[in-house]
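# Architecture at a glance
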Amino acid sequence: MSSIPGFTNTPSLGFTPSTSESPKTQAIIKTLNLQPHLEGGYFVETDRDFRTVPNPFPDSAQDSPTRSASTTIYYLLTAKSPVGHFHRNKGRTVHTLHKGRGWYVIIHADEVKQQGQKPRIEAFRVGQDVEGGEKLQWIVEGGKYKATFVVPEESGVTGDEMLLISETVVPGFDFADHNFMKTETLHELVTPEQVKELAWLLLE
Ligand code: GUN
């Protein structure tokens, strides 16, 4: 049993990350010109709208007054880098699946109204099995913490494990709007039992 809504068993990767990427994965990384992402996995920005909008996040420290209207990236998790670690963005993110499957864990920290209140936690599968409940598209609103990990095919671990998606952020991505979850924040937001199940998804 898991203490995380959405999971039957304790969330885990279920395989040991590879020490190198498979030839198939390397070919995708090279063809799409992906670079390592700080969150884990690989990415490339494929679009940044040249138009700008006023920065709608007035509390952003050391900030610029505008944002790109939108940005889009490819994002890839792999056998060697299978985890996107807990972080949040201020902008909303539209995710679209291209290939593979994975788990998303969302901590709805933006819905907390009083200090000490525990936010809702949500976990869902993304993948091609729409009839089996997997999502092809999913939206994560700004202010929610998000972590992701690859799910291997049921037929077994091959080294070609991957999750390839597009993410469109509105307004466009800016590092000033991004932060990783700290260990102490996880302790504040979830129960001790849930910390034990989720701590492996922290970057630090
Ligand atoms: N640069 C570093 N990380 C990101 C990201 O997640 N999105 C975009 N657009 N650019 C980035």
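A brief structural summary. (Residues numbered from 1 in each chain as written. Predicted model: local features only at pLDDT ≥ 70, side-chain atom pairs only at ≥ 80, totals over all residues. Heavy atoms only, no water.)

## Focus on the sheet that holds strand β8 (residues 102-107)
Filter applied, for reference: Strand pairing is assigned whenever DSSP identifies at least 2 bridges connecting the two strands. Counting from the N terminus, the helices are the DSSP runs of H or I reaching at least four residues and the strands are the DSSP runs of E reaching at least two. Geometry is summarised by axes, namely lines fitted to C-alpha atoms with helices restricted to the contacting stretch, and by angles between N-to-C directions that run from 0 to 180 degrees.
With antiparallel pairing, the five strands of this open sheet are ordered in space as β9-β8-β11-β6-β13. This sheet does not close on itself; its edge strands, each paired only once, are β9 (121-126) and β13 (178-180). For this sheet, the mean angle separating the axes of adjacent strands, direction not counted, is 25°. Pairing of β8 with β9, which is carried by six bridges, proceeds in the antiparallel orientation. Within the sheet, the bridge partner assigned to V105 lies in β9 and is A123.

## A closer look at the pattern of salt bridges
Under the convention used in this document: Criterion for a salt bridge: a side-chain nitrogen of Lys or Arg within 4 Å of a carboxyl oxygen of Asp or Glu. Note on classification: 1.4 Å probe, protein chains only; a residue is buried when its accessible area is under 20% of the maximum for its type, exposed when over 50%, partly exposed between these limits.
According to the stated counting rule, one finds twelve salt bridges in the structure shown. Salt-bridge contacts for R67 lead to D174; the nearest nitrogen and oxygen are separated by 3.3 Å. One end of the pair, R67, is in strand β4 (residues 66-68); the other, D174, is in the loop between β12 (162-170) and β13, and 107 residues separate them in sequence. Judged by its relative accessible area of 2%, R67 falls in the buried class. The partly exposed category is assigned to D174, whose relative accessible area is 24%. Taking the shortest distance from any N to any O, the salt bridge between R120 and E111 comes out at 2.9 Å. Judged by its relative accessible area of 44%, R120 falls in the partly exposed class. Through salt bridges with shared partners, one network takes in R101, R125, E134 and E153.

## A word on the sheet that holds strand β2 (residues 42-48)
Across a sheet, paired strands are connected by hydrogen bonds in the backbone, their directions being either parallel or antiparallel. Stated formally: Note on definitions: a residue-residue contact is assigned when non-hydrogen atoms from the two residues lie within 4.5 Å.
The six strands are arranged β1-β2-β5-β12-β7-β10 in an open sheet whose pairing can be described as antiparallel. Both outer strands of the open sheet, β1 (35-36) and β10 (137-140), are each paired with one neighbouring strand and no more. Taken strand by strand, helix α1 (residues 23-31) contacts β2, β5 (71-78), β7 (92-100) and β12, and its axis lies near 165° from that of β5.

## Examining the site of the ligand
The criterion, for reference: The cutoff for a nearby residue is simple: one of its non-hydrogen atoms must lie within 4 Å of the molecule or strand. Residues adjacent in sequence count toward polar contacts only when both atoms are side-chain atoms; beyond that, a polar contact is any pair of N or O atoms within 3.5 Å, and within protein one must be able to donate a hydrogen and the other to accept it. Accessible areas in this description were obtained via Shrake-Rupley with a 1.4 Å probe; residue shielding takes into account the shown protein chains only.
In the vicinity of the ligand, the contacting residues are H37, F43, E45, T71, I73, F173 and F175. Within the side chain of H37, an N or O atom sits 3.0 Å from a nitrogen atom of the ligand. Here a nitrogen atom of the ligand and a side-chain polar atom of E45 are 2.7 Å apart. When the ligand is considered free in solution it has 280 Å² of accessible area, and contact with the protein chains removes 88% of it. Those elements that provide at least two residues to the shell around the ligand are β2 and β5.

## Thoughts on empty space enclosed by the protein
Operational definition: Using protein atoms alone on a 1 Å grid, points that fit a 1.4 Å probe yet trap it form a cavity, whereas open point sets bounded by protein on both sides within 12 Å along at least five of seven lines form a pocket; residues with an atom within 4 Å of a point count as lining. Grid points are joined across faces, edges and corners, and a volume is the space filled by probe spheres set on the points.
In this structure the tally under the stated criterion is two cavities of 30 Å³ or more. Size it by volume and the largest cavity reaches roughly 60 Å³. What lines the largest cavity is H87, R88, N89, G91, T93, V140, E141, G142, G143, K144 and K146. The element contributing the most residues to the lining of the largest cavity is strand β6 (residues 83-89), with three residues.

## Details of the environment of K144
Its location among the elements puts K144 in the loop between β10 and β11 (145-150). Residue K144 is classed as buried on the basis of its relative accessible area, which comes to 9%. Separated by 124 residues in sequence, K144 and S20 place their C-alpha atoms 32 Å apart. Of the polar contacts made by the side chain of K144, one reaches the side chain of H108; its length is 2.9 Å.

## As for the nonpolar core
The following threshold applies: Throughout, nonpolar core names a set of buried Ala, Val, Leu, Ile, Met, Phe, Trp, Tyr and Cys residues whose side chains join them through atoms within 4.5 Å.
Judged by nonpolar contacts, the single largest core of 37 residues is most densely connected at F86, I107 and L198. The dominant element in this core, judged by the number of residues it contributes, is β8, at five residues. Judged by nonpolar contacts, the second largest core, of eight residues, contains L34, Y42, V44 and M162.

## Looking at the pairing of β2
Relative to β2, β1 runs antiparallel, the two being bridged by two bridges. Paired with Q35 across the strands is F43, a residue of β2. Joining the antiparallel neighbours β1 and β2 is a turn of five residues, in which G40 adopts a positive phi near 110°. Here β2 runs beside β5; their pairing, made up of six bridges, is antiparallel. Note that in β5 the partner of E45 across the bridge is I73.

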